[in-house]
2 protein chains.
Amino acid sequence: AMAGCGWARAVRGLLLDVSGVLYDSGADGGVPIAGSAEAVRRIKASGLKLQLCTNETQATREDFVRKLRALGFDISVAEVTAPAPAACHLLKERGLRPRLLVHDDLVPEFAEIDKTNPNCVVLGDAAENFTYANLNEAFRLLIGMEKPVLISLGKGRYYKETDGLKLDVGAYMKALEYACDVQAEVVGKPAKRFFESALAELGVPPEQAIMIGDDIVSDVGGAQQCGMRALQVRTGKYRPSDENHPEVKPDAYVNNLAEAVDIILQQL
Amino acid sequence: AMAGCGWARAVRGLLLDVSGVLYDSGADGGVPIAGSAEAVRRIKASGLKLQLCTNETQATREDFVRKLRALGFDISVAEVTAPAPAACHLLKERGLRPRLLVHDDLVPEFAEIDKTNPNCVVLGDAAENFTYANLNEAFRLLIGMEKPVLISLGKGRYYKETDGLKLDVGAYMKALEYACDVQAEVVGKPAKRFFESALAELGVPPEQAIMIGDDIVSDVGGAQQCGMRALQVRTGKYRPSDENHPEVKPDAYVNNLAEAVDIILQQL
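Since the structure is predicted, the reported quantities are computational estimates derived from the model, not experimental observations. (Residues numbered from 1 in each chain as written. Chains lettered and ligands numbered in written order. Predicted model: local features only at pLDDT ≥ 70, side-chain atom pairs only at ≥ 80, totals over all residues. Heavy atoms only, no water.)

Re the sheet that holds strand 13 (residues 229-233) of chain B
Residue and element names in this part refer to chain B.
Reasoning step 1: Here we have six strands laid out as an open sheet, ordered 5-4-1-12-13-14, and parallel in their pairing. Since the sheet does not close on itself, it has two edges, and those belong to strand 5 (80-81) and strand 14 (252-254), each with one partner.
Reasoning step 2: Relative to strand 14, strand 13 runs parallel, the two being bridged by three bridges. Of the residues in strand 14, the one forming a bridge with Gln232 is Tyr253. (Pairing = 2+ DSSP bridges. Helix = DSSP H or I, 4+ residues; strand = E, 2+ residues; numbered from the N terminus.)

Have a look at this one:
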């Protein structure tokens, strides 16, 4: 019955979201989603290209890949597109010196960046670093700038960890946007430029790529805006009400990554 | 030269914002703004009616008035219109049981309110209670409701304390609104209903009342929406860029409350 799915045709590469697709994150390191590690192996064995496209900002790419490998995923650092390296590129390009409001474990990604006398704020999923004092400090820096520059690593609303839903960076971005009357520049999904970087690393044009994610807006909507097809998995932060989203409709729903891979491989 | 100011004519009552008009707040209790205590005395001696219309949510009205009196202001509890009592009225009216995310010192205002099995979240200027854990908890409660109800005590962007600018409740309201995809109900300035309550307590119709505040949107814009005239003082959170606000233009600027009272009393 699935063999007739048009969306799976002429595919040469897959972009995969990570949290909620490969595994459910959590303070304990997280747990793999059933069938996902095997699905990654099957993608690689099939000859399809694969790139992880994540808004993860709680660790360097190196530590993130180490964690994924420990969970059983055959992934290398070059196969991960993440916001922090993209943000470093942008900061250098524009001569920006950030005040970081990010997770402690992300700080090493910015080792090469001049952070003296800040002229912008970079906001990531700072988790426990989202304190009243840190938010006030970032706010004061921004409101003191003639033209405040706020760079947000993604703009997710929330995500699911093993102990429950957590506010994501987008909520804090909105708080600072409102307080300073500025619009943040988003580096990460769903920014078009970020998906384009991931596609460049994948080496496949958008019409031959499929994005698979659990976030209806950041993953599905963002990828479709770039001309890709996009699937929503019913794992991670997926909620049934996503299927009535007023603006975004995925090319298909799948129960999980393993099912997506089943269908796609049948079409090759 | 000032005697010709048309906006000061036919006035019978004044609504005054408090923080930034009477005093600058701060962890140390705050400091009076020069001339403001004397200005309050002159208003009362003139026969004009007076009501304080504040978005203060860091203390009960009783404690707030005690603080103002210690700073030299001749004010009674009945002369203060504040969001928490207005919110209690609304909660009772609609059978809502709140989870409070407010300052510890505000909690006694909600003593009479059933808080078991919460079906809404009430957000105030929680200050140090704006922790990552408390925000996640409020978020989870809201996202778990079929139709989330978020009540915000004001929606200020920021305010000035003696040790610098601080994010106000509005920033955190925006964070929760975005994460839960809901619109908060604002109890406090600039909500029309709140100004109408203050006018009712003042006992003066809007066209015979003047609002005096430091916040271009909450004080000036809100009061004008109710048909009142409104002055912006150049104290408190006032910034010169307020004078280029794209939407709100006060009926006049005054350097401080004392100057406003000078002008108004000359017209009586």
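With respect to the side chain of A:Asp242
All names here are of chain A.
Reasoning step 1: Relative to the elements of secondary structure, Asp242 occurs in the loop between strand 13 (229-233) and strand 14 (252-254).
Reasoning step 2: Buried and unpaired, Asp242 has Arg239 as its nearest opposite-charge partner, separated by 6.0 Å.
Reasoning step 3: In contact with Asp242, other than residues within four places in its own chain, are Asp214, Ile216, Gln232, Lys237 and Tyr253. (Buried < 20%, exposed > 50% of the residue type's maximum accessible area, 1.4 Å probe, protein only. Lys, Arg positive; Asp, Glu negative; His and termini not counted. Salt bridge = Lys/Arg side-chain N within 4 Å of Asp/Glu carboxyl O. Contact = heavy atoms within 4.5 Å.)

Description of the interface of chain A and chain B
Reasoning step 1: Each partner contributes residues to the interface: chain A has 30 residues there, and chain B has 30 residues.
Reasoning step 2: In total, about 2700 Å² of surface goes out of reach between chain A and chain B, with carbon and sulfur atoms giving 63% of it.
Reasoning step 3: Counting the surface chain A buries against chain B, the share from its top three residues, A:Tyr132, A:Leu167 and A:Tyr178, is 30%.
Reasoning step 4: The tally of links from chain A across to chain B stands at zero salt bridges.
Reasoning step 5: Across the contact surface, chain A and chain B share 12 residue pairs in polar contact (both at pLDDT 80 or more).
Reasoning step 6: Elements represented by at least two residues in the side of chain A that touches chain B include exactly helix 4 (132-143), strand 9 (158-161), strand 10 (164-167) and helix 5 (169-180) of chain A.
Reasoning step 7: For the side of chain A that touches chain B, the element with the most residues is helix 5 of chain A, which contributes nine residues.
Reasoning step 8: Its residues placed into classes, the side of chain A that touches chain B shows 17 nonpolar, four polar and nine charged. (Buried area = accessible area lost by both parts, 1.4 Å probe. Polar contact = N/O pair within 3.5 Å; in protein donor to acceptor, adjacent residues only side chain to side chain. Nonpolar A, V, L, I, M, F, W, Y, C, P; charged D, E, K, R; others polar.)

Topic: the domain arrangement of chain A
All names here are of chain A.
Reasoning step 1: Assigned domains within chain A: domain 1 (13-55 + 189-266) and domain 2 (83-186).
Reasoning step 2: Using C-alpha coordinates to define each centre, domain 1 is positioned 25 Å away from domain 2.
Reasoning step 3: Taken together, the contact pairs 16 residues of domain 1 with 13 residues of domain 2.
Reasoning step 4: Between domain 1 and domain 2 the total buried area reaches about 1200 Å² when both faces are included, carbon and sulfur atoms providing 53% of it.
Reasoning step 5: Together, Ser25, Arg193 and Lys237 form the three largest contributors to the area buried by domain 1 at its contact with domain 2, with a combined 33%.
Reasoning step 6: The tally of links from domain 1 across to domain 2 stands at one salt bridge.
Reasoning step 7: Two residues, Glu93 and Arg193, come together in a salt bridge whose shortest N-O distance is 3.5 Å.
Reasoning step 8: Applying the counting rule to domain 1 against domain 2 returns two residue pairs in polar contact (both at pLDDT 80 or more). (Domains from an automatic or database assignment.)

What about the pairing of strand 9 of chain A?
Two faces belong to every sheet, and in a regular strand the side chains alternate between them.
All names here are of chain A.
Reasoning step 1: Taken together, the four bridges between strand 9 and strand 10 define a ladder with antiparallel strand orientation. Within strand 10, the position partnered with Tyr158 by the bridge is Leu167.
Reasoning step 2: The antiparallel pairing of strand 9 with strand 10 creates a hairpin that spans two residues between the two strands.

Focus: unusual backbone geometry
Reasoning step 1: A cis geometry characterises the amide bond from A:Lys189 onward to A:Pro190, with omega recorded as 5°.
Reasoning step 2: Along the chain, A:Pro190 falls in the loop between strand 11 (185-187) and helix 6 (192-202).
Reasoning step 3: Phi is positive for B:Asn117, close to 45°, though the residue is something other than glycine.
Reasoning step 4: Mapped onto the elements of the fold, B:Asn117 is located in the loop between strand 6 (98-101) and strand 7 (120-123).

Comments concerning the sheet that holds strand 6 of chain B
Residue and element names in this part refer to chain B.
Reasoning step 1: The strand order across the open sheet formed by four strands is 6-7-8-11, and the pairing between neighbours is parallel. Single-partner strands in this sheet number two, and they are strand 6 and strand 11 (185-187). Going across the sheet, the axis of each strand differs from the next one's by a mean of 25°, ignoring polarity.
Reasoning step 2: Judged from the three bridges that link them, strand 7 and strand 8 (residues 150-153) form a sheet pairing that is parallel. By the bridge assignment for strand 8, Val122 is matched with Ile151.
Reasoning step 3: Contacting strand 6, strand 7, strand 8 and strand 11, helix 3 (residues 83-94) crosses the sheet at an angle of about 130° to strand 11.
Reasoning step 4: With respect to the sheet, helix 5 (residues 169-180) is in contact with strand 7, strand 8 and strand 11, its orientation differing from that of strand 8 by roughly 165°. (Axes fitted to C-alpha atoms, helices over the stretch in contact; angles between N-to-C directions.)

Some details on empty space enclosed by the protein
Reasoning step 1: This structure, assessed with the given rule, holds one cavity of 30 Å³ or more.
Reasoning step 2: Space inside the largest cavity adds up to approximately 40 Å³.
Reasoning step 3: Among the residues making up the lining of the largest cavity, the classes are represented as six nonpolar, one polar and three charged. (1 Å grid on protein atoms, 1.4 Å probe; cavity = no way out; pocket = protein on both sides within 12 Å on 5 of 7 lines; lining within 4 Å. Points joined across faces, edges and corners; volume = space filled by probe spheres on them.)

Here we look at the packing of aromatic side chains
Reasoning step 1: Under the criterion given, the structure shown has six aromatic pairs over all chains.
Reasoning step 2: Note on A:Tyr132 and B:Phe130: the rings are 6.5 Å apart at their centroids and 35° apart in plane angle, and the pair reads as tilted. With A:Tyr132 in helix 4 and B:Phe130 in the loop between strand 7 and helix 4 (132-143), the pair connects residues from two separate chains. As far as burial versus exposure is concerned, A:Tyr132 and B:Phe130 are alike and both buried.
Reasoning step 3: Ring geometry for A:Phe139 versus B:Tyr158: centroids 5.2 Å apart, planes at 45°, classification tilted. Of this pair, A:Phe139 sits in helix 4 while B:Tyr158 sits in strand 9 (residues 158-161), each in a different chain. (Phe/Tyr/Trp six-rings, centres within 6.5 Å; stacked < 30°, edge-to-face > 60°.)

Some details on the nonpolar core
Generally speaking, a soluble globular protein has its nonpolar side chains buried in company with each other.
Reasoning step 1: The biggest cluster of nonpolar side chains holds 54 residues, and the ones touching the most others in it are A:Leu123 and B:Leu123.
Reasoning step 2: Contributions of two or more residues to this core are made by strand 7 (120-123), helix 4, strand 9 and helix 5 of chain A together with strand 7, helix 4, strand 9 and helix 5 of chain B.
Reasoning step 3: Residue contacts for A:Leu123: discarding those within four places in its chain leaves A:Leu101, A:Val102, A:Phe130, A:Leu150, A:Ile151, A:Ser152, A:Leu153, A:Val169, A:Tyr172, A:Met173 and A:Leu176.
Reasoning step 4: Membership of the second largest hydrophobic core comes to 35 residues, among which are B:Val11, B:Tyr23, B:Ile210 and B:Ala260. (Core = buried A, V, L, I, M, F, W, Y, C linked by side-chain atoms within 4.5 Å.)

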